[in-house]
Amino acid sequence: MLFRSLAGWGGVLLGMAAIVLVGLHGEESAAQPNRTRFAGKVVLLTVLTGVGFALSYVLTHAIPADAGMWPVLVARVVGWLVILLVLGPGMLRGGSKELWLYAVPIGALDALAGTAMYLTLQQSQLSTATVLISLYPVFTILMALLVLRERLTWLQGLGIGLSVLAVMLMSF
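Description of the structure in this document. Since the structure is predicted, the reported quantities are computational estimates derived from the model, not experimental observations.

Scoring rules and cut-offs
Residues numbered from 1 in each chain as written. Predicted model: local features only at pLDDT ≥ 70, side-chain atom pairs only at ≥ 80, totals over all residues. Heavy atoms only, no water. Helix = DSSP H or I, 4+ residues; strand = E, 2+ residues; numbered from the N terminus. Buried < 20%, exposed > 50% of the residue type's maximum accessible area, 1.4 Å probe, protein only. Contact = heavy atoms within 4.5 Å. Expected span 1.5 Å × (residues − 1). Patch = residues over 30% accessible without salt bridge, like charges linked within 9 Å, V, L, I, M, F, W, Y side chains within 5 Å. Areas by Shrake-Rupley, 256 points an atom, 1.4 Å probe, with all protein chains shown as cover. Salt bridge = Lys/Arg side-chain N within 4 Å of Asp/Glu carboxyl O.

## Focus: the environment of Ile160
Now for step 1: Topologically, Ile160 is positioned in helix α7 (residues 154-170).
Now for step 2: Since its relative accessible area comes to 14%, Ile160 is described here as buried.
Now for step 3: Each C-alpha atom of the pair Ile160 and Phe139 lies 9.3 Å from the other, and the pair is 21 residues apart in sequence.
Now for step 4: Non-local contacts of Ile160, meaning those with residues more than four positions away in its chain, are made with Val22, Val138, Ile141, Leu142 and Leu152.

Encoded structure:
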């Protein structure tokens, strides 16, 4: 059984709604209908991205527990190889010192996040872990509020509230 209660399933549904609401940005479409037109290409790329994330979660969850941390290391190495293939080896020589001052801690935080995601997918129910991991925009919005002093739309605020409620319901 995926969840022990109906509350857990309610949490999953609320979490999915929260993901959508938190991901919205700018003014609501009713106020400015011309700002949020979707082109077919955007819809296709959005669907492909969602499928890619879903496959990543499912395949990561399927990795045997005795694999240790090797999958995280392999993912980092493959990521670097793809970057080098796309941007070329000259990429590592270029850039200012300021760029590297940002790039190194960002890379370290990305590796930490990847490790946390891997461990979560390995040690949790897939249905719970994927919803929780997909709520990362909540943290992004909170950081934008605190650090950049950005404003929150009422739909994003509702999404953050729903995400807190979803996490509580999924714990039942």
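## Regarding helix α1 (residues 6-23)
Now for step 1: Compared with an ideal rise of 1.5 Å per residue, which puts 18 residues at 26 Å, α1 spans 26 Å between its outermost C-alpha atoms and is within 8% of the ideal.
Now for step 2: For α1, every residue scored as buried is listed here: Gly8, Gly11, Val12, Gly15, Ala18, Leu21 and Val22.
Now for step 3: Those residues of α1 that are buried are in contact with α5 (126-133), α6 (136-147) and α7.

## Side note on a nonpolar patch on the surface
Now for step 1: Together, Val74, Val78, Trp80, Val82, Ile83, Leu85, Val86 and Leu87 make up an exposed nonpolar region whose accessible area comes to about 800 Å².
Now for step 2: With respect to the helices and strands, Trp80 occurs in helix α3 (residues 70-87).

Spatial relationships are all this shows, so hold off on functional conclusions.
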